[in-house]
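Descriptive analysis of the structure
This is what each chain is made of:
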Amino acid sequence: MTFAKPFLRLVLLLAALLAALPAAAFETRARAAWVYDLTTQTVLLEKNADVALPPASMSKLMTLNLLFEALREGRVTMDTTFAVSTRAKQMGGSTMFLNEMDRPTVRDLMQGIAINSGNDACVVVAEGLAGSEEAFAQRMSERAPQLGMTQSSFANASGWPHPNQRMSMHDLGVLAVRIITQFPEYYPLFAETTFNYKNRAPANAHNRNPLLKIAAADWHADGLKTGHTEEAGYGLVGSAVMGNRRIVFVLSGLGSEAERAQEAEAVANWAFRQFVLKTVAEKGTRLAEAPVWLGAQSRVGLVPAEDVALLLPAGAAAGVTAEAVFAAPLTAPVAAGATVGQLEISVPGFDAPRVVPLVAEAEVPAGGFVTRFTSAALRLFERAVAMTASS
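These numbers were taken from a predicted model, which means no experiment stands behind them.

It is worth spelling out the sheet that holds strand β1 (residues 32–37) at this point. Ordered by their spatial adjacency, 5 strands build an open sheet running β2-β1-β5-β4-β3, and the pairing between neighbours is antiparallel. With partners counted over all chains shown, the strands left at the sheet margins are β2 (42–47) and β3 (220–229), one partner each. Averaged over all adjacent pairs, the angle separating strand axes in this sheet is 5°, with direction ignored. Note: strand β4 (residues 233–242) against strand β5 (residues 245–254), 8 bridges, orientation antiparallel. Counterpart to Gly238 in the pairing with β5 is Phe249.

Along the polypeptide, Gln262 turns up in helix α8 (residues 257–273). Relative accessible area serves as the criterion here: at 47%, Gln262 is assigned to the partly exposed category.

Taken together, 6 strands build an open sheet; the order of strands is β10-β12-β13-β8-β7-β11 and the sheet is mixed. Two strands lie at the open edges of the sheet, namely β10 (321–326) and β11 (330–331), each paired on one side alone.

Attention shifts here to the environment of Glu363. Its location among the elements puts Glu363 in the loop between β13 (354–360) and α9 (369–390). Residue classification places Glu363 among the exposed positions, given a relative accessible area of 55%. Remark: the alpha-carbon pair of Glu363 and Ala336, spanning 27 residues in sequence, is separated by 4.2 Å. Excluding anything up to four places from it in sequence, Glu363 contacts Gln297, Val334, Ala335 and Ala336.

This next bit is on the nonpolar core. Ranked by internal contacts, the top residues of the largest apolar core, which has 61 residues, are Met62, Phe68, Leu109, Met110, Phe190, Leu224 and Val237. Residue assignment for this core shows that the elements contributing at least two residues are β1, α2 (60–72), α4 (106–114), α5 (119–130), α6 (133–146), α7 (169–182) and β5. Element by element, the count of residues in this core is highest for α2, at 8 residues. For Phe68, the residues in contact, after removing those within four places along its chain, are Met110, Ile179, Phe183, Tyr186 and Phe190. Ala264, Ala268, Val300 and Val347 belong to the second largest nonpolar core, which has 51 residues in total.

On to the pattern of salt bridges, then. Counting across every chain of the model gives 18 salt bridges. Of the charged contacts in the structure, one is a salt bridge between Glu69 and Arg143, with a shortest N-O distance of 3.1 Å. Note that Glu69 is positioned in helix α2 and Arg143 in helix α6, a separation of 74 residues in sequence. Across the pair, exposure class does not vary: Glu69 and Arg143 are buried alike. Here Glu134 makes a salt bridge to Arg87, at a shortest N to O gap of 2.9 Å. Of this pair, Glu134 sits in helix α6 while Arg87 sits in helix α3 (residues 86–89), and the two are 47 residues apart along the sequence. Each of Arg286, Glu289, Arg299 and Glu361 takes part in salt bridges that share partners, so that together they form one network.

Criteria and cut-off values
- Residues numbered from 1 in each chain as written.
- Predicted model: local features only at pLDDT ≥ 70, side-chain atom pairs only at ≥ 80, totals over all residues.
- Heavy atoms only, no water.
- Pairing = 2+ DSSP bridges.
- Helix = DSSP H or I, 4+ residues; strand = E, 2+ residues; numbered from the N terminus.
- Axes fitted to C-alpha atoms, helices over the stretch in contact; angles between N-to-C directions.
- Buried < 20%, exposed > 50% of the residue type's maximum accessible area, 1.4 Å probe, protein only.
- Contact = heavy atoms within 4.5 Å.
- Core = buried A, V, L, I, M, F, W, Y, C linked by side-chain atoms within 4.5 Å.
- Salt bridge = Lys/Arg side-chain N within 4 Å of Asp/Glu carboxyl O.

Structure (structure tokens):
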């Protein structure tokens, strides 16, 4: 396969951009971690990320996800009220301090779970949506693989310690990305800092996410959920924004609240400051050419349909490679803007290449009689030469 010079210039541009950056490295103290740049869909760090571990209260995100789905499907509204069972009232740990006389709304319960980490609120939601917490946990386990969460199983709605309550950090990250991207109308809930249902729990009214208190000069956090049990250690599913970049990260197995807060801030600083988002090719820039069979023109330019932005890690230097991949020759007619190939860009430090669709720069209609006759004659000549050479 032969590539045109514009493609070769793109390779050199990538190498030049990377060579100017300082070294990037991060050794997390977390037992397991997953760090993801949502803007470019790039995994920045993985550590035991696909190991199923006790998720503690971070698994409450799955309970909220199923509640968000029920809202989206119209099975409940924000003003729907649920009954509070004795089982829910008797839940220990973090609670909203609900009792059997209460009829909290879906809105109340969302806040009680996201902000207060209410175990009682989780049981109320589970019983309200599925009849029992056991049936709801089964639904959680069934729904997880449908969402791409392959290392998750659930025994309850709250994250209460149980041998069958397990999630990987990757799965928690996938779940966080889903909530952010699929339920933007509810996501601001995770940035709320206080909720005190009927003024019952002033000591438990504050969001435990330590990053919500950070006043960084250039980035801010806005979600999602902390977790802690003796078995799981201290964990956090977090998300933060700087400019046009959003990161999602999951940490687990830290030794204390202070260590969790320090590690989360360190991860965010590293993810934002040791990687640079660069536009390396603008929409419509010709990156390669493809031959066209039986077309009014013999070649067509291949261009990206959108700007190509790459997250460039520090220290990658000149190891970046890119390759245009397409079936050659293309067969006329070719429509302008039709996807006809892809650009595969490999960056040192990332396992998977970045794949960018390439589209036809212009329309190439089918050629007339002369074009078809000439092409057919040329094909026959090439076959005759090949047969002669092999005989």
